[in-house]
Amino acid sequence: MPTIELTTFIRSDIYVCFDLSRSIDLHVLSTTQTKEKAIAGRTNGLINLNEFVTWEAIHFGIKQQLTSKITEYNRPFYFRDEQQKGAFNSFLHNHYFEKKNDLVVMMDALHYTSPFGLAGKIFNALILTGYLKKLLVKRNQLIKEFAESGEWKKILS
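Conventions and cut-offs
Residues numbered from 1 in each chain as written. Predicted model: local features only at pLDDT ≥ 70, side-chain atom pairs only at ≥ 80, totals over all residues. Heavy atoms only, no water. Buried < 20%, exposed > 50% of the residue type's maximum accessible area, 1.4 Å probe, protein only. Helix = DSSP H or I, 4+ residues; strand = E, 2+ residues; numbered from the N terminus. Polar contact = N/O pair within 3.5 Å; in protein donor to acceptor, adjacent residues only side chain to side chain. Pairing = 2+ DSSP bridges.

1. Some thoughts on helix 1 (residues 14-21)
For step 1, the next point in the chain: A large share of helix 1 lies buried, amounting to seven of its eight residues.
For step 2, the next point in the chain: Turning to helix 1, its buried residues are Ile 14, Val 16, Cys 17, Phe 18, Asp 19, Leu 20 and Ser 21.
For step 3, the next point in the chain: One side-chain oxygen at the N-terminal end of helix 1 lies 2.9 Å from the backbone nitrogen of Tyr 15; it belongs to Asp 13.

Pasting the structure below:
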């Protein structure tokens, strides 16, 4: 099972970082290159425990849908989203937040398995892990920018 782990340091309030991370609206802003949009479930605002969102996006030239549900939630320290339906055999994203002095340490641990056996494993190694990491880095950079600049007020108000 491939795992992507990222750590982002943000000069902001832990609640702001946590809420930006579960914002449907900010997620849409961070995925303009894939034309991602929420089409079912929670389609805007902040997603909460036991809520789901179905995303539609174009990846590798193919329109795809993925339904994700918040299955664990401890504001402002942790939440987990898990694929309920989609292209992956499994997709589990843990989001961790910790306050250290004047910084929020935001950590992502994304675990996934692809279909298609050995061919899926080769695709992961050559393309998919890097592709997913790039999407997460972009999302986290946008969270950081909004949290540190005060732009978060446009998303969380």
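2. Some words on the pairing of strand 6 (residues 90-100)
For step 1, the next point in the chain: In terms of strand pairing, strand 5 (residues 78-85) meets strand 6 through five bridges, oriented antiparallel. Looking at strand 6, one finds that Tyr 78 is bridged to Tyr 96.
For step 2, the next point in the chain: Where strand 5 hands over to strand 6, the hairpin turn is made up of four residues, of which Gly 86 adopts a positive phi near 160 degrees.
For step 3, the next point in the chain: Bridge analysis of strand 6 against strand 7 (residues 103-113) gives eleven bridges, and the strand direction is antiparallel. Looking at the pairing, Asn 94 lines up with Ala 109 of strand 7.
For step 4, the next point in the chain: Here strand 6 folds back onto strand 7 in antiparallel fashion, the turn holding two residues, of which Asn 101 has a positive phi close to 55 degrees.

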